[in-house]
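For reference, the chains in residue letters:
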Amino acid sequence: MGMSSALLTDHYELTMLQAALASGAAHRRAVFEVFARHLPGGRRYGVVAGTGRVLDALAGFRFGDAELAYLRENRVVNDETLAFLASYRFSGDVRGYREGECYFPGSPIMVVDGTFAEAGLLETVILSILNHDSAIASAASRMVGAAGSRPIIEFGSRRTHEAAAVASARAAYLAGFSSTSNLMAGSVYGVPTAGTAAHAFTLLHDSEYDAFQAQIDSLGAETTLLIDTYDVAKAVRTAVELAGPALGAVRIDSGDLAVAAHEVREMLDSLGATRTRIVVTSDLDEYSIAALAAAPVDGYGVGTSVVTGSGVPTAAMVYKLVAREDADGVLQPVAKKSVGKPSRGGGKNAFRALEDGTAVAELVTSADAPAPAGARPLLHELVRGGEIVGREPLDAARERHRASVNELPVPARQLSHGDPVIPTVFS
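A brief report on the enclosed structure follows. This is a predicted model, so every value here is computed, not measured.

Check the secondary structure of the protein chain and you find 15 helices and 19 strands. Projecting the C-alpha coordinates of the protein chain onto the three principal axes gives extents of approximately 85 × 55 × 35 Å. Buried residues in the protein chain amount to 51% of all 427 residues. Taking the intrachain contacts of the protein chain between residues at least 6 apart in sequence as the baseline, contacts between residues at least 24 apart amount to 74%. For the protein chain, the accessible area works out to roughly 18,800 Å², and carbon and sulfur atoms hold 53% of it.

Turning our attention to the sheet that holds strand S6 (residues 152-154). Working definition: the strands of a sheet are paired by backbone hydrogen bonds and lie parallel or antiparallel to each other. Strand order in this open sheet of six strands is S7-S6-S11-S10-S9-S8, and the pairing throughout is parallel. Looking at which strands have only one partner, the edges of the open sheet turn out to be strand S7 (179-180) and strand S8 (224-226). In this structure, strand S10 (residues 277-280) lies alongside strand S11 (residues 299-302), joined through two bridges in parallel fashion. Bridge pairing in S11 links valine 280 to tyrosine 300. Docked against the sheet, helix H12 (residues 257-270) engages strand S9 (249-252) and S10, running at close to 155° with respect to S9.

At a closest axis distance of 8 Å, the pairing of helix H7 (residues 162-174) and helix H15 (residues 394-406) adopts a crossing angle of 45°. Regarding the angle of H7 to H15, the classification is oblique. Judged by residue contacts, Arg170, Tyr173 and Leu174 of H7 engage Leu394, Asp395, Ala397, Arg398 and His401 from H15.

What follows is about the side chain of serine 138. For serine 138, the position within the fold is in helix H6 (residues 123-147). A relative accessible area of 6% places serine 138 in the buried class. Excluding residues within four positions of it along the chain, serine 138 makes contact with Arg43, Gly46 and Val47.

With respect to topology, four strands assemble into an open sheet ordered S16-S14-S15-S19, the strand pairing being mixed. Edge positions in the sheet fall to strand S16 (376-377) and strand S19 (424-426), since each has one partner strand and no second. Where strand S14 (residues 348-355) meets strand S15 (residues 358-366), eight bridges bridge the pair, whose relative direction is antiparallel. Looking at S15, one finds that leucine 354 is bridged to alanine 359.

Moving on, we come to the packing of helix H10 (residues 208-219) against helix H11 (residues 232-243). The N-to-C vectors of H10 and H11 enclose an angle of 40°; their axes lie 10 Å apart at closest approach. Taken together, H10 and H11 sit at an angle that is classed as oblique. Here H10 runs over H11; the crossing is right-handed. Touching Glu208, Tyr209, Phe212, Gln213 and Ile216 of H10 are Ala235, Thr238, Ala239, Glu241, Leu242 and Ala243, all from H11. Classifying every residue of the contact of H10 with H11 gives seven nonpolar, two polar and two charged.

The subject of this paragraph is the nonpolar core. Among soluble globular proteins, nonpolar side chains are generally buried collectively. Formed by 118 residues in total, the largest nonpolar core has its most connected members in Phe63, Leu85, Val112 and Ile126. For this core, the leading source of residues is H6, giving 12 residues. Core analysis: the second largest hydrophobic core is formed by five residues, Phe351, Ala361, Leu363 and Ala375 among them.

This part takes up the environment of isoleucine 109. Within the fold, isoleucine 109 resides in the loop between strand S4 (102-103) and strand S5 (110-115). Of the residues examined, isoleucine 109 reaches a relative accessible area of 1% and is grouped as buried. Residues isoleucine 109 and glutamine 18, 91 residues apart in the sequence, show an inter-C-alpha distance of 28 Å. Discounting chain neighbours no more than four positions away, the residues touching isoleucine 109 are Val34, Phe35, Val48, Arg95, Gly96, Tyr97, Tyr103, Met317 and Leu379.

Of the two faces of S9, the one lined by Ala249 and Arg251 and the one lined by Val250 and Ile252 are each fully buried. Direction of pairing for S8 relative to S9: parallel, over a ladder of three bridges. Across the sheet, the residue bridging to threonine 224 is alanine 249, located in S9. Between S8 and its parallel partner S9, the chain crosses via H11, and the hand of that crossover is right-handed. Bridge count between S9 and S10: four bridges; the pairing is parallel. The residue of S10 that forms the bridge with alanine 249 is arginine 277. As a crossover connection, the stretch from S9 through H12 into S10 is right-handed.

Procedures and definitions
Residues numbered from 1 in each chain as written. Predicted model: local features only at pLDDT ≥ 70, side-chain atom pairs only at ≥ 80, totals over all residues. Heavy atoms only, no water. Helix = DSSP H or I, 4+ residues; strand = E, 2+ residues; numbered from the N terminus. Buried < 20%, exposed > 50% of the residue type's maximum accessible area, 1.4 Å probe, protein only. Contact = heavy atoms within 4.5 Å. Areas by Shrake-Rupley, 256 points an atom, 1.4 Å probe, with all protein chains shown as cover. Pairing = 2+ DSSP bridges. Axes fitted to C-alpha atoms, helices over the stretch in contact; angles between N-to-C directions. Parallel < 35°, antiparallel > 145°, perpendicular 65-115°, else oblique. Left-handed = near helix turned anticlockwise from the far one by under 90°. Nonpolar A, V, L, I, M, F, W, Y, C, P; charged D, E, K, R; others polar. Core = buried A, V, L, I, M, F, W, Y, C linked by side-chain atoms within 4.5 Å. Right-handed = clockwise from strand over helix to strand, strands pointing away.

So yeah, pure geometry; function would need other evidence.
Here it is, written out as C-alpha cells:
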C-alpha cells in the first residue's frame, strides 16, 4: 500500500464522526451522491474524470500509526473515535459514471452507499479529485473539439501544483490530448510523453545554427526545432539547410500565430520541406485553437489554459446525503431545501436517452424504477462490499469519451456560453 490518503479530508468530517458515534447514528446506512447543480462557465456538457484516482485513494484510505498520532496529539477527536479510525475499512458499495462519460446538471455521477461513519469520511477526497480532474477534462475536451484532427500536447506542469500537474496530464489525455510533457504522468499512468527544446537551448549556443545542428545531431532530422528565438525567416532557412526536407517539425511560440504559420508554410514549401509540420504554442485555449482552424497548423501545445480548466478550475460537484436509515432500520430519502442549494432525495439510477444514435436527454430515475426502453445505463459498479471492481485502463476511458462526445447533438461543439446540450429529466 502506498501513502495513506486518510488525512486528505476536512477536519469537520472527523468531528461529525465523533458526534455520530456518540449518538449511535454513525452505523446507520447512508447513501451519498456526487452531482453538479450546473455546468460552470455556461458549458454545454461536462466530462467525468478522476474515477480511477478516486479508487486509488479509497484503497489507501487507512489511518495508520502516523495518522492516528497526528489526530491524537492535536486533539482532533477523542479516544473512542481514534479506536474506530484505527480499524477503518470502507465496506460499502460505490456506483458511478465511468471515466470519459459526459455528464449534465443533476447527473448522479457517483453514488456511495455504506454506513454514515464509513461513507461520510470519503466526501472531501472524492470531491477534491472529481472536481479537479473533471474540470480539466471538460476544458481539454473543448480544445480537442476545436482542434479537429490535429493533435494537442499538454505541457502545463510549470503552471500548477506539482501533483496537480500529473493529474491534469492524465485528465487531458483521457479527453483526447495526444501526449504530455510530464514524465511522471508517463511513468504512473502511461500517458505518452513528448518534448522538444526551449529558447534557453538556442540562447545557450553561440549561434542559432550551432543550436539547431546540436539538436539534429542528437535527435535526428525528424526533431522539432523552435524557430522564433531571433528571426523566424532566417531560422526556417537554417533549419532546412541543416536537416533537409526530412525536418520533422518547427515550433512557433510567439507573435500572430495565424500569420506566422502561413508565412512559415510558404517558406518551408519553397525550400522543399513540404512534409515538415508546424506546431504552435503560446497561451492557447479552445478559442484561439478554433481561430487557427484555417491556418496551416499541424499541432498545438497547450499549457496554462488546460491545467487551470480554461478559466473554470472546478466542476462545482457536491457530495450530498440523499437517503439514510431511520431508527426503525428503514431507508428514507432526505434532501436539502436550502435557497439556491436544493438536492433531490432518494437513491437514483441514470440513463442516456438516444434517438437514432444521438443523445436527447439525461434520464434520472429512482433506484428501483425499471430501465427506460432503449436508454443507455450510466451507473456502473465501482466498489462492491468494499472490494474495488471498477478499475480499467486509461485508454478505455479515452475511447469512451470519444464515443460519448460523438453521440451528443452538434451544438455540443459550440464554444459560446449556453445551456446544457441535452436536458436532465427526473422521474
